[in-house]
Amino acid sequence: MMQLPSDAQAVIIGGGVAGCSVAYHLARLGWTDVVLIERHALTEGTTWHSAGFVGQLRSTVTQTRMIMYSAGLYPELAELTGLDPGWHGVGGLRLATTPERAEELARQAGAAETYGLDMDLLTPAATQERLPLLEVGDVLGALWLPGDGWLDPARLGLALAEGARLLGVRVVTGAEVIAVEGDPVHSVRLRHADGESIIRTGTVVNAAGAAAGVVGRLAGVDLPIVPIKHQYVVTEPSDVPVDTPTVRDPDNIVYFREEGGGILVGGYVRTPEVWDDPDPLSRPRTLFDPDMPKFQESWESARRRVPTLDGADIVKVVHGPEAFTPDGEFLLGETAVRGFWVAAGFCVHGLAAAGGVGKVMAEWIVGGAPEYDMFGMDVSRFGRHARSKAWARAKALDSYSKYYDIVYPGEERTAARPLRRSPAFGRHADLAASFGEKAGWERVNWYDSNDAGSAAARPRSWAGRIWSPAIQAECLATRDAAGLFDQTSFAKLEVAGDVAGLQRLCGNTIDRPVGSVVYTQLLNHRGGIEADVTVTRLGEHRFRMITGTAFGGHDAAFLRHHSLDVTDVTSAYACYCLWGPEAYPILESLTTDDLGFGYMRAREISVGHVPVLAQRVTFVGEFGWELYCPAEYGLTLWDALAEAGRSYGMRPGGYKAIDAMRLEKGYRVWGLDITPETTPLEAGLGFTVRAGVALPDPKQRLRCLVLADPREVCSGGEPVRCGGVPMSRVTSGGYGYRVEKSIAYAYLPVDVDGEITVGVEGRWIPAEIVPEPLYDPGNTRLRR
């Protein structure tokens, strides 16, 4: 007879490494009244068939830190449980066989330095010396990461489960969750051999792997989880040493390692397949029939790289489901249903970060905020469009098929586009706009019709690969005349209620007269920046918050978590920004209303026949307005502004010009320059913090750097040294066309002293710390 508790502090659905890790870390933080539910035996869903690769160097700081934390967890688990977590610390090699990949390795080596990872760039000869079985005739170089290795997935899962048990967690197998009830959650219903049971709980964690989408729907939540078939093979034993490093050969879409004296070979096919099953993982240890024709490219690549594989017999084919997401990043955090959390969508490399996943999820659930900046993995990053299975599938398949592709700064993917379009989209297309995409929105990067800049301004190497002279032309037109920018994709949130509720979350003073626009940050309990927004007071109890295109879901969730009444009105309004010295006469020609209201003020006006909320705000350092109108007037407003501005030399501009100009003014971008891990004082935003807000004394500050060579341009993530010692990393960078300088920002110690150098793809460029802003330091251009 199955004995289940009637109540629990938390219920975790899924007994793979993610669920076991969350259980273990919750118990470590004192939540021991936890029940972990697995419908089969532990690890028999998605975990058991993982190839187990652990590569610590990832594309984001957070994911790298999570994997580094995981590596440190294994000795602790072994000591606590007496079980071997299956860690093989053999090191790892990443190969480059093209000049472009060699450039990528140089960038990755710089990133490794900023993360504190041990690494070496190897010549082809040194690569072969490290692993003699490799054929290196076409290899240009390799990155050696001694902290890499591989894990036995089942051993890790069982060690985490045993650790959780020893700390008081109840682990239940052979039970299936058939309902998650309430919003907020109040109970789960289970089916098992003895019938059905209910466990009352206010916290449920969906860690169901490839079945996480189905489990989400039990709670009324649509999660963009796409199960995709992934395949690897194992060859017969051939005395391959157990200390053989892992190898990734991305130019040839193949990876391999030692397994049982043979070699495990896997790869990412260019034509992946979705696993369509209404009840995925209903059977334990689910596998598909081998598909060797589809695997042929990876297998042939492996045979060329390891000549001893020629003629080797394949003794095992593992073809199983892996849970992917539309952007190839994890799916973590609390969903729109209060108390229903998700830890899934690990895109093949969840095993490597399992320890870190448990850590951040437990901190989030117990303390309200994890130690790390989690936005890139936060489930709230996906909007309502992500509930479309067709959209999620198209994006996930594209993400999988390009898993090993080089991603250049500013590179745009084309799958499932276009989706969300401004009312003026057709006009942009007529002007030969080069579109980018964010949160489903088509946004103009630049207009090829503005291609009047100097090709000599193209940055060297990576920063110049996706670039246009039009960016320069748009910046200079905004400086000399005016620029018109479509920022309809701005996320727009209306907050209703007494000002005190909103004021508690904001660093700046919000209780100001109606018509005031306030620049502020939303702060977490540590003083970290959860959002960077403007708040316009539209009425005594009505406020409109403007935030970045991709951040609306995150910011709304943060506000609702603190019991505020929030409505997302993003799609209800178009927004065009008119900035530049000629902005006043252009707008004046279209209205009889008084435009004399001051900076950071808002007023209802008419522009031609269109009702507009005009806000005297800028993100480029030039005089002008953000102009909001109901969406149905959007095309009319764009046409009126475009026609009125023509005789003044106004040009339409895109987001690349905005980014270049905001760097010159020192305007911060959330997620890059400022995050939940940084405070306003550290970020140089102390002027936005009202008296009485307690913040820790800063030990570091965001500083503006100017590189000695203006054509050496940073894209973000480059290492920064002081006196030759690794010190920091670039948060964001670019070229300032109005000041003609290469600009970068980095957090440096308050008492920093010494020569600053920035690593740009292996080249160390001298840089100077300079006062900011570089452009118009007296802000005279903001005033008419």
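Residues numbered from 1 in each chain as written. Predicted model: local features only at pLDDT ≥ 70, side-chain atom pairs only at ≥ 80, totals over all residues. Heavy atoms only, no water.

Undergrad: Just to check I follow, could you spell out the overall build of the protein for this structure?
TA: Within the protein, the regular secondary structure consists of 16 helices and 39 strands. Taking 2.2 N^0.38 as the reference for a compact globule, 784 residues should give roughly 28 Å; the C-alpha atoms of the protein span a radius of gyration of 27 Å, in line with that estimate. Here the C-alpha coordinates of the protein stretch approximately 80 × 65 × 50 Å along the principal axes. For the protein, the proportion of its 784 residues judged to be buried stands at 60%. Considering only residue pairs separated by 6 or more positions, the protein has 71% of its internal contacts joining residues 24 or more positions apart. When the accessible surface of the protein is totalled, it reaches about 29,100 Å², and 50% of it is carbon and sulfur. Here the protein carries 76 positive and 98 negative side-chain charges, and the mean point of each set is 4 Å from the other. (Helix = DSSP H or I, 4+ residues; strand = E, 2+ residues; numbered from the N terminus. Rg over C-alpha atoms; globule rule 2.2 N^0.38 Å. Buried < 20%, exposed > 50% of the residue type's maximum accessible area, 1.4 Å probe, protein only. Contact = heavy atoms within 4.5 Å. Areas by Shrake-Rupley, 256 points an atom, 1.4 Å probe, with all protein chains shown as cover. Lys, Arg positive; Asp, Glu negative; His and termini not counted. Charge placed at Lys NZ, Arg CZ, Asp CG, Glu CD.)

Undergrad: What is the right way to look at helix α2 (residues 61–81) in this model?
TA: For an α-helix the count is 3.6 residues per turn, leaving residues at separations of three or four pointing the same way. The terminal C-alpha atoms of α2 lie 30 Å apart, and with 21 residues this matches the ideal 30 Å at 1.5 Å per residue to within 8%. Taking the largest bend as the criterion, α2 deviates by roughly 30°, centred on leucine 73, and proline proline 75 comes between one and four positions later. Along α2, the positions that sit buried rather than exposed are Thr62, Gln63, Thr64, Met66, Ile67, Ser70, Leu73, Tyr74, Leu77 and Thr81. At the C-terminal side of α2, glycine 82 shows a positive phi close to 75°. (Expected span 1.5 Å × (residues − 1). Bend = angle between axes of the 7 residues up to and from the residue.)

Undergrad: Hey, could you run me through the environment of leucine 587 in this one?
TA: Summarising the element assignment, leucine 587 is placed in helix α14 (residues 583–588). Taking the C-alpha atoms as reference, leucine 587 lies 9.3 Å from glycine 624; in sequence the two are 37 residues apart. Contact partners of leucine 587, with chain neighbours within four places excluded, come to Leu578, Leu595, Ile605, Val607, Trp625, Leu627 and Leu641.

Undergrad: Whenever I open this one, the side chain of glutamate 363 confuses me. Can you help?
TA: In this fold, glutamate 363 is placed in helix α8 (residues 354–367). Under the relative-accessibility criterion, glutamate 363 is labelled buried at 18%. A polar atom in the side chain of glutamate 363 sits 2.7 Å from the side chain of lysine 359. A polar contact of 2.9 Å, which involves the side chain of glutamate 363, links it to the backbone nitrogen of glutamate 371. Residues in contact with glutamate 363, not counting those within four places in the same chain, are Leu29, Gly368, Ala369, Pro370 and Glu371. (Polar contact = N/O pair within 3.5 Å; in protein donor to acceptor, adjacent residues only side chain to side chain.)

Undergrad: What is the right way to read the sheet that holds strand β16 (residues 254–259) from this model?
TA: Adjacent strands of a sheet form backbone hydrogen bonds with each other and so pair up, either parallel or antiparallel. Within the open sheet, the eight strands sit side by side as β6-β7-β5-β15-β16-β17-β14-β18. Their pairing is mixed. Since the sheet does not close on itself, it has two edges, and those belong to β6 (120–122) and β18 (314–324), each with one partner. If you compare each strand with its neighbour and ignore which way they point, the axes differ by 20° on average. Examined bridge by bridge, strand β15 (residues 246–249) and β16 share three bridges and lie antiparallel to one another. Across the sheet, valine 247 pairs through a bridge with phenylalanine 256, a residue of β16. Sheet contacts for helix α3 (residues 99–115): β5 (92–96), β6 and β7 (141–145); angle to β5, the most-contacted strand, approximately 140°. Packed onto the sheet, helix α7 (residues 292–305) meets β5, β14 (226–235), β15, β16, β17 (262–266) and β18 and runs at close to 45° relative to β14. (Pairing = 2+ DSSP bridges. Axes fitted to C-alpha atoms, helices over the stretch in contact; angles between N-to-C directions.)

Undergrad: It is not clear to me how the side chain of serine 732 should be interpreted in this structure. Could you clarify?
TA: The residue serine 732 is located in strand β36 (residues 725–736) in this model. A polar contact of 2.7 Å, which involves the side chain of serine 732, links it to the side chain of aspartate 673. Beyond its immediate chain neighbours, meaning those up to four positions away, serine 732 contacts Arg662, Leu663, Leu672, Asp673, Gly716, Ile743, Ala744 and Tyr745.

Undergrad: Any chance you could explain the packing of aromatic side chains here in plain terms?
TA: Aromatic ring pairs are described here by two measures, namely the spacing of the ring centres and the angle between the planes. One pass over the full model with this rule turns up 25 aromatic pairs. Measuring from centroid to centroid gives 5.4 Å for phenylalanine 375 and tryptophan 670, while their planes differ by 75°, and the two rings are edge-to-face. Here tryptophan 670 lies in the loop between α16 (655–665) and β34 (700–707) and phenylalanine 375 lies in the loop between α8 and α9 (389–401), a separation of 295 residues in the sequence. We classify phenylalanine 375 as buried; its relative accessible area is 14%. Classification of tryptophan 670 by relative accessible area gives buried; the value is 4%. Note on tyrosine 408 and tryptophan 462: the rings are 4.8 Å apart at their centroids and 65° apart in plane angle, and the pair reads as edge-to-face. On the criterion of sequence distance, the pair formed by tyrosine 408 in the loop between α9 and α10 (425–430) and tryptophan 462 in the loop between β22 (441–447) and α11 (469–480) is long-range, its members being 54 residues apart. Tyrosine 408 sits in the buried class, given a relative accessible area of 15%. When its relative accessible area of 4% is taken as the criterion, tryptophan 462 is described as buried. Aromatic ring contacts, followed pair by pair, group Phe53, Tyr255, Tyr268, Phe324, Tyr400, Tyr403 and Tyr404 into a single cluster. We note arginine 443 situated over the ring of tyrosine 655; from NZ or CZ to the ring centre the distance is 3.6 Å. (Phe/Tyr/Trp six-rings, centres within 6.5 Å; stacked < 30°, edge-to-face > 60°. Lys NZ or Arg CZ within 6 Å of the ring centre and 35° of its normal.)

Undergrad: What exactly am I supposed to notice about the environment of alanine 193 here?
TA: Relative to the assigned elements, alanine 193 resides in the loop between β11 (187–192) and β12 (195–200). Overall, the relative accessible area of 79% leaves alanine 193 in the exposed class. Here the alpha-carbon distance between alanine 193 and methionine 2, two residues 191 residues apart in the chain, equals 7.8 Å.

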